[in-house]
Amino acid sequence: MLATDPSIVLVKEERKEMLLKQINLHTRVYLGDLASTLNVSEDTIRRDINELADEGKLIKIRGGAMSKAYHHTSAVQETYGHQDKRTIAEKCLPLLQNGMLILIGGGTTIRELIKLIPADLRATFVTVNPLTAVELMDKPNLEIIMIGGQISRYSQMSVGGEVYQRLSEFRADLCIIGTNAIDARSGLTDSDWETVQAKKAMIQASAKVAVLAISEKLNSVMRMKIADLQQIDYLITELPAESPQLTPYRTGNVQLR
């Protein structure tokens, strides 16, 4: 996760503003990660989350908090970095071709991509994210496969050994996922074990992998590894491909878009 200087003690309103930014940026964050980032106790973070939830600024989930933008009733104006995510979606769109089998994750950037999918695209999409499956249903020529199982309230995806086994039976042309954190050395990381296992299975089942991430997530690291940078084929951000900020990510077979 993005780190703050541990020597800095934030006053309450500054802390709540930083907490809200972290949750909106990373979609879902555990109490422990927020406490570590903001250099306060979990009890303090829990009180802040309760207050922000009462103010209607986030959604409490077990062990942490979730951005309002990730909820199925969210409005565009609640999406953090909406224009940047729209730009990423536009850059990703040319990767979608007729006849493809595509594994696709969830999240607000992928939601923007789904909005842009042309009505005449004929492809098969496989997902473990119920909200993604529902959003894809607006596209008349897509075949949609939802891999079911127990739904994690934290990750909002189907999880468990049977789900990962089903994913291993696919050989997709393309996998499209978001990430909570990405770093040139540490690769893709997350703090949720179930999310990590699902994304690992999706990557392993795909010939090509596209990762969608706004630039604020670059150079950030969470506790559990999903994949090395060399395991992905496309890194798509809102930045120009030649941006100096992307220099550390010019490695191996990774194409920057």
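Residues numbered from 1 in each chain as written. Predicted model: local features only at pLDDT ≥ 70, side-chain atom pairs only at ≥ 80, totals over all residues. Heavy atoms only, no water.

## What to know about the UniProt feature "domain: HTH deoR-type" (unreviewed entry) in the protein chain
Quick reminder of the rule: UniProt positions are given in the numbering used here, feature names are shortened, and annotations may be inferred rather than shown by experiment. In DSSP terms, a helix is any run of H or I states spanning at least four residues, a strand is any run of E spanning at least two, and both are numbered starting from the N terminus.
When the UniProt feature table is mapped to this numbering, "domain: HTH deoR-type" (unreviewed entry) covers residues 12-67. Helix makes up 64% of residues 12-67 and strand 20%. Its end C-alpha atoms lie 20 Å apart.

## What to know about helix α3 (residues 42-54)
What counts, and what does not: A helix is expected to span 1.5 Å multiplied by its residue count minus one. Burial here depends on accessible area, computed with a 1.4 Å probe over protein chains only, as a share of the maximum for the residue type. Under 20% is buried, over 50% is exposed, and the range in between is partly exposed. What the arc describes is the spread of directions from the helix axis to the C-beta atoms. Only heavy atoms matter for contacts: two residues are in contact if any of them lie within 4.5 Å across the pair.
With 13 residues, α3 ought to run about 18 Å at 1.5 Å a step, and its terminal C-alpha atoms sit 18 Å apart, in line with that. T44, I45, D48, I49 and L52 are the residues of α3 that are buried. Buried positions in α3, seen along its axis, are confined to an arc of 135 degrees and lie on one side of it. Those residues of α3 hidden inside the fold are in contact with α1 (12-26), α2 (31-38), β2 (58-61) and β3 (64-67). One or two steps after α3, the chain reaches G56, where phi turns positive at roughly 75 degrees.

## As for the side chain of T132
Within the secondary structure, T132 sits in helix α6 (residues 130-136). When near neighbours in sequence (up to four residues on either side) are disregarded, T132 contacts I104, G105, G106, I114 and T127.

## Structural notes on the domain arrangement of the protein chain
Put simply, the rule reads: Here the bounds of each domain stem from an automatic or database domain assignment. Buried area, as used here, totals the accessible surface that two parts lose on assembly, with accessibility defined by a 1.4 Å probe and the loss added over both. Salt bridge, as applied in this entry: a Lys or Arg side-chain nitrogen positioned within 4 Å of an Asp or Glu carboxyl oxygen. We call Asp, Glu, Lys and Arg charged. Ala, Val, Leu, Ile, Met, Phe, Trp, Tyr, Cys and Pro are nonpolar, and the rest, Gly among them, are polar.
Taken domain by domain, the protein chain holds domain 1 (12-67) and domain 2 (82-256). Residue-level contacts link 11 residues of domain 1 with 14 residues of domain 2. For the pair domain 1 and domain 2, the summed buried surface comes to about 1200 Å²; carbon and sulfur atoms form 48% of the total. Between domain 1 and domain 2 we count 2 salt bridges in total. K21 serves as the salt-bridge partner of E216, at 3.6 Å between the closest nitrogen and oxygen. At the level of elements, α1 and β1 (28-30) are the ones that each hand at least two residues to the side of domain 1 that touches domain 2. The residue inventory of the side of domain 1 that touches domain 2, partitioned by class, reads 5 nonpolar, 2 polar and 4 charged.

## Here's the deal with the environment of Y164
Following the sequence through the fold, Y164 ends up in helix α7 (residues 161-168). In the structure, Y164 is positioned 36 residues away from K200 in sequence and 8.8 Å away in space, judged by C-alpha atoms. Excluding anything up to four places from it in sequence, Y164 contacts V159, W193, E194, Q197, A198 and A201.

## Structural notes on the nonpolar core
The test is simple: The definition of a nonpolar core used throughout is a set of buried Ala, Val, Leu, Ile, Met, Phe, Trp, Tyr and Cys residues joined through side-chain atoms within 4.5 Å.
Core analysis: the biggest nonpolar cluster contains 34 residues, and L103, L167, I182, V211, I232 and L235 have the highest contact counts within it. Listing elements by their share of this core, those giving two or more residues are α7, β9 (174-178), α8 (193-204), β12 (209-212) and β13 (224-227). At 5 residues, α8 tops the list of elements feeding residues into this core. Aside from chain neighbours lying at most four places away, what touches L103 is V126, L167, A172, L174, C175, I176, M202, A205 and S206.

## Digging into the pairing of strand β11 (residues 187-190)
Formally: Here, a strand pair is defined by DSSP locating no fewer than two bridges between the strands.
Judged from the 3 bridges that link them, strand β10 (residues 181-183) and β11 form a sheet pairing that is antiparallel. Along β11, the bridge assignment pairs D183 with G187. Taking the residues between adjacent antiparallel strands as the criterion, β10 and β11 are bridged by 3 residues. Note that β11 and β13 share 3 bridges and pair antiparallel.

## A look at the sheet that holds β10
Backbone hydrogen bonds are what pair the strands of a sheet, in a parallel or an antiparallel way. Put simply, the rule reads: Only the stretch in contact is used when fitting a helix axis, every axis being a line fitted to C-alpha atoms; angles between N-to-C directions are given from 0 to 180 degrees.
Here 3 strands make up an open sheet; going across it, the order is β10-β11-β13 and the pairing antiparallel. Each having just a single partner strand, β10 and β13 make up the two edges of the open sheet. Adjacent strand axes in the sheet meet at a mean angle of 35 degrees, parallel and antiparallel pairs treated alike.

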